[in-house]
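A closer look at the structure
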Amino acid sequence: MKEISFRTNIFIGENSLDRLMKITSEKVFIVTDPFIEQSGMMKEVTNRLENKDNDYFIFSDIVPDPPIETVAAGVKAIQEFGPGIMIAIGGGSAIDAAKAMKDFSIKLSPHQQAIKFIAIPTTSGTGTEVTSFSVITDEVNQVKHPLVADSLLPDEAILDTTLVKSVPASVTADTGMDVLTHAIEAYVSTNANDFSDAFAEKAVQLIFDYLPRCYKDGNDLEAREKVHHASCLAGMAFNMVGLGVNHSIAHVCGAQFHIPHGRMNALLLTTVIEYNAEIQGFSAGGQSFAAKKYAQLAKIVGFPATNSRIGVNSLIKHINQLKKELHLPVNLRACGITKEKLLASIGKISEAALIDGCTPTNPRKPTTKDIESIVEKI
Ligand code: NAD
């Protein structure tokens, strides 16, 4: 038996930020990064709070791939301020850090009042506004830890397209590929079901149709909205059924080599598809569960897929075309990682990726040797 539930209420469309005007007489703890704090986006939030006699505090120390120390500082600030509501506005880093801060704060002081959590994504990538995940970085050991708990699920998510207009082209490309990876990994997860498939299929379709437009013109609001929705849909899919080894390796390599999360996922995506589908150098198969699912996905999105092998290959071909359009690096070397540097840490990477929380739902059970082989190929 599997339970399918959606706890986060999602607000979309024009003026969705006005939802914040419903907050009355509350202490509001806002978590964000320095860029968002200084941009007009923060005013969009605080203007709506000031109308209603709210006392608010802005914690804006978030950096990309938030470290444990930032979360600890946030917990301290929450306990001093005593909020009834938290608003996280920013990319995945700000929202994830805020989710962890809230969780640890409540664990440390179980008698403190419940804190309502509102997530406002300003990138279209992680889907964290609807997931029970929070990825926190251990900088000393250079590993990212995906925390998973129902208590991390936001109560509300506000998807306001105007907030993503300013995302630079390279971040648009990276985060958009994160969406595609979430949707594809959820689609072939060992837990995949008709419900998660529906969300994943729509997300993949929207990414292929609209991500290149966002990349070319950040002010194309129609395309921005579609990709923002795709990000949330893919988040709903993987929150239901988990991810796979693409993310496991990305968590380790991203922390090790300081490569943005979405870009790291993009580097791995087609090699992981080949591995899971057991084709091209991994074995002569092509008939696995994953191969059939990839082909089914290719067919739904409108790519040639007269049999599994053709379907998998056309999905790979279109992903490579998309990466080219987005000017994404073709391999680790293009990201400045030399062969020597890679070989020096490949053992550590494969061991850490094997025990990452995303590995158990991968459709093919990897060994450390398999992971090494995937990493060597990229
Ligand atoms: P990010 O939050 O690190 O932001 C990347 C950069 O974009 C930052 O410099 C930020 O200031 C800037 N930025 C954000 N919004 C902007 C805007 N509107 N205009 C201009 N610049 C803007 O990047 P991200 O990809 O959104 O998040 C990555 C983090 O999320 C990683 O730590 C990753 O591991 C994690 N993650 C979490 C989940 C989950 O389910 N919790 C899923 C995938 C990834």
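Residues numbered from 1 in each chain as written. Predicted model: local features only at pLDDT ≥ 70, side-chain atom pairs only at ≥ 80, totals over all residues.

**Comments concerning the domain arrangement of the chain**
Under the convention used in this document: Residue ranges for the domains originate in an automatic or database domain assignment. Whether two residues are in contact depends on their C-beta atoms, placed from the backbone: they are in contact if these lie within 7 Å. Runs of E in the DSSP output that reach at least two residues are strands. Runs of H or I that reach at least four are helices, and both are numbered from the N terminus. Each residue gets one of three labels, nonpolar for Ala, Val, Leu, Ile, Met, Phe, Trp, Tyr, Cys and Pro, charged for Asp, Glu, Lys and Arg, and polar for the others, Gly among them.
Domain annotation for the chain reports domain 1 (9-164) and domain 2 (169-377). Put simply, the middle of domain 1 and the middle of domain 2, counted by C-alpha atoms, are 27 Å apart. Taken residue by residue, the interface counts 23 residues in domain 1 and 27 residues in domain 2. Broken down by secondary-structure element, the contributors of at least two residues to the side of domain 1 that touches domain 2 are β6 (133-138), β7 (143-148) and β8 (156-159). The element best represented in the side of domain 1 that touches domain 2 is β7, accounting for four residues. Taken together, the residues that form the side of domain 1 that touches domain 2 break down as nine nonpolar, 11 polar and three charged.

**Considerations on the site of the ligand**
The following threshold applies: We call a residue near a molecule or strand when its C-beta atom, built from the backbone, sits within 6 Å of it.
Taken together, 30 residues are adjacent to the ligand, and P64, G91, G92, S93 and T128 come closest. Secondary-structure elements contributing two or more residues to the shell around the ligand are α4 (92-108), β6, α5 (169-187) and α9 (261-277). With four residues, α4 is the single largest residue contributor to the shell around the ligand. Class assignment of the residues belonging to the shell around the ligand gives a composition of nine nonpolar, 16 polar and five charged.

**Focus on the sheet that holds β8**
Put simply, the test is: Two strands are said to pair when DSSP picks up at least two bridges between them. Axes, fitted as lines to C-alpha atoms, cover a helix only where it is in contact. Angles between the N-to-C directions of the axes lie from 0 to 180 degrees.
Taken in spatial order, the six strands line up as β1-β8-β5-β4-β2-β3 in an open sheet, and their pairing is parallel. Two strands lie at the open edges of the sheet, namely β1 (9-12) and β3 (55-59), each paired on one side alone. The mean angle between the axes of side-by-side strands here comes to 20°, regardless of whether they run parallel or antiparallel. Here strand β2 (residues 27-31) pairs with strand β4 (residues 85-90) via four bridges, running parallel. Looking at the pairing, I30 lines up with I87 of β4.

**Topic: the environment of D155**
Selection criterion: Our exposure labels follow a C-beta count within 10 Å of each residue's own C-beta, placed from the backbone: buried means 20 or more other C-beta atoms, exposed means 12 or fewer, and partly exposed covers the counts in between.
Relative to the helices and strands, D155 resides in the loop between β7 and β8. By C-beta crowding, D155 is classed as partly exposed, having 15 other C-beta atoms within 10 Å. Residues D155 and R7 lie 148 residues apart in sequence; the distance between their C-alpha atoms is 6.6 Å. Setting aside its immediate chain neighbours within four residues, D155 contacts T8, N9, K116, F117 and I118.

**With respect to the packing of helix α8 (residues 245-257) against α9**
Spelled out, the test is: Working definition: roughly parallel below 35 degrees, roughly antiparallel above 145 degrees, roughly perpendicular at 65 to 115 degrees, and oblique for all remaining angles. Left-handed is the label given to a crossing in which the near helix is rotated counterclockwise from the far helix by less than a right angle, and right-handed is the label when the rotation is clockwise.
Closest axis-to-axis distance for the α8/α9 pair is 9 Å, and the angle between their directions is 135°. The angle between α8 and α9 falls in the class oblique. The interaxial crossing formed by α8 with α9 has right-handed handedness. In this structure, α8 uses V245, N246, H247, I249, A250, C253 and G254 to contact α9, whose residues at the interface are H261, M264, N265, L268, L269 and V272.

**What to know about unusual backbone geometry**
Of note in the backbone geometry, D65 takes a positive phi value of approximately 55° without being a glycine. Within the fold, D65 resides in the loop between β3 and α3 (68-81).

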